[in-house]
Amino acid sequence: MPDYSDALRYGLTLALLAAYALLCLSIWQRQRRRRLAAVAEAAQAMQAAGLTPAGGGAFATVSTGSSGAGQPAHPENAPVLVAWATQTGMAQTLAKNTAAMLQACGQAAQAAPLALLDADALRRAARLLIVASTYGDGEPPDEAVAFEKQHMRQHPPLHGLRYAVLALGDSSYDNFCQFGQAIDGWLASSGGQRLFACIKADSADDFEMNAALAAWRKQLAAAFGLDAAQLARWQPERPSEAGGWHDWTLAAKTRLNPGSAGSPVWLLELTAPAGASLTWEAGDLAQIAPPADAKNPRDYSIASIPQSGRLQLLVRRQNRADGSPGLCSAWLTGELQAGQTLPVRLRANAGFHLGGNAERALILIGNGVGLAGLLAHLHAREAAGQRRNWLIFGERNAAHDWLCHEQIARWQASGHLPRVDAAFSRDSAPGAPKTYVQTVLAREAATLRQWMDEGAALYVCGSLSGMAAGVDAVLRQTLGSERVDALLAERRYCRDVY
């Protein structure tokens, strides 16, 4: 009797490969449709503003037709174009609010992402408003990195362009609002005419932020001849913080790294006030205002999803340069006790949401308490049944600093986290180089390329100066800078670093 076992196995293998290929194709098609829909929406806004998309691909820039002799036409009744460059989503929200505010006062306006504009579109725009965030230590938001490299390092003639910039930033950083100011200076040096001076808004201080937005409305009224009183009354909600402040209860507090040579790290578990309808997405932040400095809330990555019934945070006790404890972290890890309440405001962090990456494989990279933002995504992936996840985590010592290792081990055992690589810098042999997450990533360059070629997305959470910069350098060395910039623009490379 003939042995058909080899032929059967061969046939089954081909069938499985074909099924996998069809699955990958269907996922790619869904993501492509979503991406094209977003681009089409932005293109429609810019067409309404007198601009038309050049090219036709998903990453087409925006250009316009000529009005003769290569000179732009600037009709006074053309819609105002309000462009945004955002990391967390706040600049996008404020840009859309600005366009809606102008429309409510009788001034035609359209909002669109700065990333889809090119020099020709800027040259031909009649009036341009830009709301731009600064990310990290003076850098452009990830979605505007390519724009900065491709356009802002040149000086195209922008004579006749009238513009204004609302620059967003965090005053605790040295290079406060640097990217917004860089855009303002670049437009001016290229021949653009300021409608009014760049307005800087401190997103870390509610009072200063509201004052900056009031100044923005006042200047817009003067620039466009609108009713200042009507503009002043316009108070658009900031959806990224729409829930407002609520008193949450500390249900439990657990030390995660007893015996560590580093600062103590605590897991805080909070419960929402009774009757409050509060929710968040993986990637979002919790703002906490300590009693000693309620004016300046601190942002913490949320480590859980709403389905868990608790909002979880990883908090490391911080010390200032002079050795004194940080006001907020010392209060959270020391004075605050279970059963007490604390003011919390949920803050959307759109740049770190799964969004169009929900069905992709994920590479999650982080160090220290940056693990929090990655844990939320892993919880969300488990709930969605998405199992292709790779975690690269770094800390000091495996014996004391393997944060949340029990949960990670459970995901490994269940198959929801099939690959984990850990880097413990203080466990290196005497005289040997220390191992960090970027070291692991460089060592696994071939696997990294394979995952990215198959459509994976990267999420990085943790310290900016050492880890995130090192990871970015390895990515550029492994994949090439042009590809990394494209991943940033596509939001397949997402960062929440500080």
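Thresholds, definitions, all that
- Residues numbered from 1 in each chain as written.
- Predicted model: local features only at pLDDT ≥ 70, side-chain atom pairs only at ≥ 80, totals over all residues.
- Heavy atoms only, no water.
- Helix = DSSP H or I, 4+ residues; strand = E, 2+ residues; numbered from the N terminus.
- Buried < 20%, exposed > 50% of the residue type's maximum accessible area, 1.4 Å probe, protein only.
- Areas by Shrake-Rupley, 256 points an atom, 1.4 Å probe, with all protein chains shown as cover.
- Pairing = 2+ DSSP bridges.
- Axes fitted to C-alpha atoms, helices over the stretch in contact; angles between N-to-C directions.
- Contact = heavy atoms within 4.5 Å.
- Phe/Tyr/Trp six-rings, centres within 6.5 Å; stacked < 30°, edge-to-face > 60°.
- Lys NZ or Arg CZ within 6 Å of the ring centre and 35° of its normal.
- Core = buried A, V, L, I, M, F, W, Y, C linked by side-chain atoms within 4.5 Å.
- pLDDT = per-residue confidence, 0-100.

## Details of the overall build of the chain
- Scanning the chain for helices and strands turns up 15 helices and 19 strands.
- Relative to its full complement of 498 residues, the chain shows a buried share of 50%.
- Carbon and sulfur atoms form 52% of the exposed surface of the chain, whose accessible area is close to 21,800 Å².

## Re the sheet that holds strand β16 (residues 389-395)
- A sheet is described by the order of its strands in space; here 5 strands give the open sequence β17-β16-β15-β18-β19, paired in parallel fashion. Looking along the sheet, the strands with just one partner apiece sit at the ends: β17 (419-424) and β19 (493-497). Averaged over all pairs of adjacent strands, the angle between their axes in this sheet comes to 10°, without regard to strand direction.
- Examined bridge by bridge, strand β15 (residues 362-367) and strand β18 (residues 457-462) share 5 bridges and lie parallel to one another. From the neighbouring strand, I365 faces β18, where its bridge partner is V460.
- The strands touched by helix α14 (residues 464-479) are β15, β18 and β19; relative to β18, the strand with the most contacts, the crossing angle is about 160°.

## Section: the packing of aromatic side chains
- Applying the stated criterion across every chain yields a total of 7 aromatic pairs.
- Three or more aromatic residues joined by ring pairs form one cluster here, namely F393, W402 and F424.
- Taking NZ or CZ as reference, K253 lies 5.5 Å from the ring centre of W266, over its face.
- Sitting over the ring of W451, R388 keeps its end group 4.3 Å from the ring centre.

## Here's the deal with the sheet that holds strand β11 (residues 285-288)
- Pairing is antiparallel in the open sheet, where 6 strands are placed in the order β12-β11-β14-β9-β10-β13. In the strand order of this sheet, the two ends are held by β12 (298-301) and β13 (311-316), each with one partner. Across the sheet, the mean angle from the axis of one strand to that of its neighbour is 45°, orientation sign disregarded.
- The pairing of strand β9 (residues 245-255) with strand β14 (residues 341-347) spans 5 bridges and is classified as antiparallel. Bridge assignment links W248 to a residue of β14, and that residue is L342.

## A closer look at the nonpolar core
- The biggest cluster of nonpolar side chains holds 32 residues, and the ones touching the most others in it are L314, L371, L391 and Y459.
- The greatest single-element share of this core, amounting to 7 residues, is contributed by helix α9 (residues 371-384).
- Filtering out sequence-adjacent residues up to four positions away, Y459 remains in contact with F352, H353, L354, N357, L362, I363, L364, I365, L374, H377 and C494.
- Listed in part, the 30 residues of the second largest apolar core include W84, A109, L129 and I199.

## Quick word on the confidence of the model for the chain
- This prediction gives the chain a mean pLDDT of 86; 83% of its residues lie at or above 70.
- Of the regions scoring below 50 in pLDDT, residues 16-41 engages in 16 contacts with residues more than four places distant in sequence or in other chains.
- Here residues 52-73 is a poorly scored stretch, pLDDT under 50, and it has 47 contacts once near neighbours within four places are set aside; other chains count.

## Overview of the pairing of β13
- By the criterion of burial, β13 is predominantly enclosed, with 6 of the 6 residues buried.
- Burial of the side chains of β13 extends over both faces: L311, L313 and V315 are buried on one face and Q312, L314 and R316 on the other.

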